[in-house]
Amino acid sequence: MARRRLIYEGKAKILYEGPEPDTLIQYFKDDATAFNAEKKATIDGKGVLNNRLSEHFMTGLNSIGVPTHFIKRLNMREQLIRSVEMIPLEVIVRNFAAGTLSKRLGLPEGQQMPRPIIEFCYKDDSLGDPLVTEEHIAAFGWASQQDLDDMIALSLRVNDFLSGMFLGVGIRLVDFKIEIGRVIEGDFQRLVIADEISPDSCRLWDIETGRKLDKDVFRQDLGDLGDAYTEVAKRLGVMPRTNGKPAAGPKLVN
Ligand code: CDP
């Protein structure tokens, strides 16, 4: 079998050339990084869980008409995705204060926002993904005004969908980050949700206990990250209700 062509290797994922034109294979690693990769670890089974969770969210979004790059899951760690032209921005949606917003504005963690707040960060690790304004985005040509409007509308739909899904299983969606790409279809371009949606890029708090079920467990040394992600997957019915940790074997696949 021919060796696959590696397209890109990031902190938590690898992209390989896909089987058809305009497709890629997205491989989920077990690596966890925080604070712009200053803190690193390998968390057994994280990639398997994030592959399943991202599949779950993206499939749900596709089914309500929010387009995503997701085509299908291929195996425990890989999914087939559409190749897109990435917009070099991270879109952060916040429902409750936490993280850098709390620090920047002195807001107590957990304070509800008057309405969902959207922020844009410029994707550049060497700069630490700085917060940027719509003025920067337009002036530097990272996205057009139409793209920006579409990105905001898409992000709010993702927020409503995910917030409802998590609320149903007793989890508060505090905030999350998504990345968006462009797909060209004939004379038209369409924006689609790309990258991943997983507890690596969301803040998820248990509604009753406040227990953190996201990457803050790793950032703040609050316990076992695998256990937290397994809890999220179990509640969403993405994994069978077993007490064990995510096993590396194929028995996790339904
Ligand atoms: O996570 P941190 O405190 O550094 O930054 P934030 O701006 O408070 O993050 C808001 C949300 O976006 C959190 O759910 C982060 O996990 C997520 N995020 C991310 O996934 N990747 C980044 N590079 C920055 C934030």
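Calculation rules
- Residues numbered from 1 in each chain as written.
- Predicted model: local features only at pLDDT ≥ 70, side-chain atom pairs only at ≥ 80, totals over all residues.
- Heavy atoms only, no water.
- Buried < 20%, exposed > 50% of the residue type's maximum accessible area, 1.4 Å probe, protein only.
- Helix = DSSP H or I, 4+ residues; strand = E, 2+ residues; numbered from the N terminus.
- Contact = heavy atoms within 4.5 Å.
- Polar contact = N/O pair within 3.5 Å; in protein donor to acceptor, adjacent residues only side chain to side chain.
- Pairing = 2+ DSSP bridges.

Extensive coverage of helix H6 (residues 225–235) is indicated by the burial of eight of its 11 residues. Against helix H1 (46–63), helix H4 (145–167), strand S12 (171–185), strand S14 (202–206) and helix H5 (216–219) lie the buried residues of H6. The distance from a side-chain oxygen at the start of H6 to the backbone nitrogen of Gly226 is 2.7 Å, and the residue carrying that oxygen is Asp224. Positive backbone phi, approximately 75 degrees, marks Gly237, located one or two places after H6.

Turning our eyes to something else, we now look at the environment of Val66. By secondary structure assignment, the location of Val66 is in the loop between H1 and strand S6 (70–73). Val66 gets classed as buried once you look at its relative accessible area, which sits at 0%. Sequence separation of Val66 and Ala37 is 29 residues, and the distance between their C-alpha atoms is 31 Å.

Along the chain, Asp195 turns up in the loop between strand S13 (188–194) and S14. Exposure remark for Asp195: the relative accessible area of 13% places this residue in the buried category. One polar contact links Asp195 to Lys177, side chain to side chain, over a distance of 3.4 Å. In contact with Asp195, other than residues within four places in its own chain, are Lys13, Gln26, Met58, His69, Lys177 and Glu179.

Moving on, we get to the pairing of strand S9 (residues 89–96). For S9, a buried count of eight out of eight residues is recorded, marking the element as mostly surrounded by other parts of the structure. Where S9 lies against strand S10 (residues 112–122), seven bridges are found, and the strand directions are antiparallel. Across the sheet, Leu89 pairs through a bridge with Tyr122, a residue of S10.

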